[in-house]
Amino acid sequence: MMHLKWENNETIKQIECVHANAKKFMVDNKLTPGKIYDVKNETDEFYFIKDNSNRIGGYLKEYFKEVK
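Residues numbered from 1 in each chain as written. Predicted model: local features only at pLDDT ≥ 70, side-chain atom pairs only at ≥ 80, totals over all residues. Heavy atoms only, no water.

### A closer look at the environment of Leu4
Which entries qualify depends on this criterion: Helical segments are the DSSP runs of H or I of at least four residues, strand segments are the runs of E of at least two, and each set is numbered from the N terminus.
Here Leu4 is to be found in the segment before β1 (13-17). Through-space distance from the C-alpha of Leu4 to that of Phe48 is 12 Å; in sequence the pair is 44 residues apart.

Written as structure tokens, this is what we have:
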């Protein structure tokens, strides 16, 4: 149940959404292209961020680029 505490975790890094054109799922109501998001956890394929609903969501890395 570690995922229930991710909202309170420190931010690992920041990423910018580059597009919200998903092939299978509707993410355009949760992500805004050009907006910067805080990464709370990361796997090989996914970033776990606080999305537009202000909740933690897991999204494919292809929607983002890292901000330096």
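### A word on the packing of aromatic side chains
The geometry of two aromatic rings is summed up by the distance between their centres and the angle between their planes. Counted only if it meets this: Classification of ring pairs uses Phe, Tyr and Trp, with its six-membered ring standing for Trp, and accepts pairs whose centres are within 6.5 Å; under 30 degrees between planes counts as stacked, over 60 as edge-to-face, and the remaining range as tilted. Three exposure classes are used, based on accessible area relative to the maximum for each residue type with a 1.4 Å probe and protein chains only: buried under 20%, partly exposed in between, and exposed over 50%. When the NZ atom of lysine or the CZ atom of arginine is within 6 Å of a ring's centre and also within 35 degrees of its normal, the charge is said to sit over that ring.
Tallying each qualifying case throughout the model produces four aromatic pairs. Look at Phe46 and Phe48: their rings are 6.4 Å apart centre to centre, the planes differ by 45°, and that puts the pair in the tilted class. According to the relative accessible area criterion, Phe48 is buried, its value standing at 17%. Between the aromatic rings of Tyr63 and Phe64, the centroid separation amounts to 6.4 Å while the plane-to-plane angle is 80°, which identifies the pairing as edge-to-face. Considered together, Tyr63 and Phe64 belong to a single accessibility category, that of buried residues. Cation over ring: Lys61 sits above Tyr47, and NZ or CZ is 5.1 Å from the ring centre.

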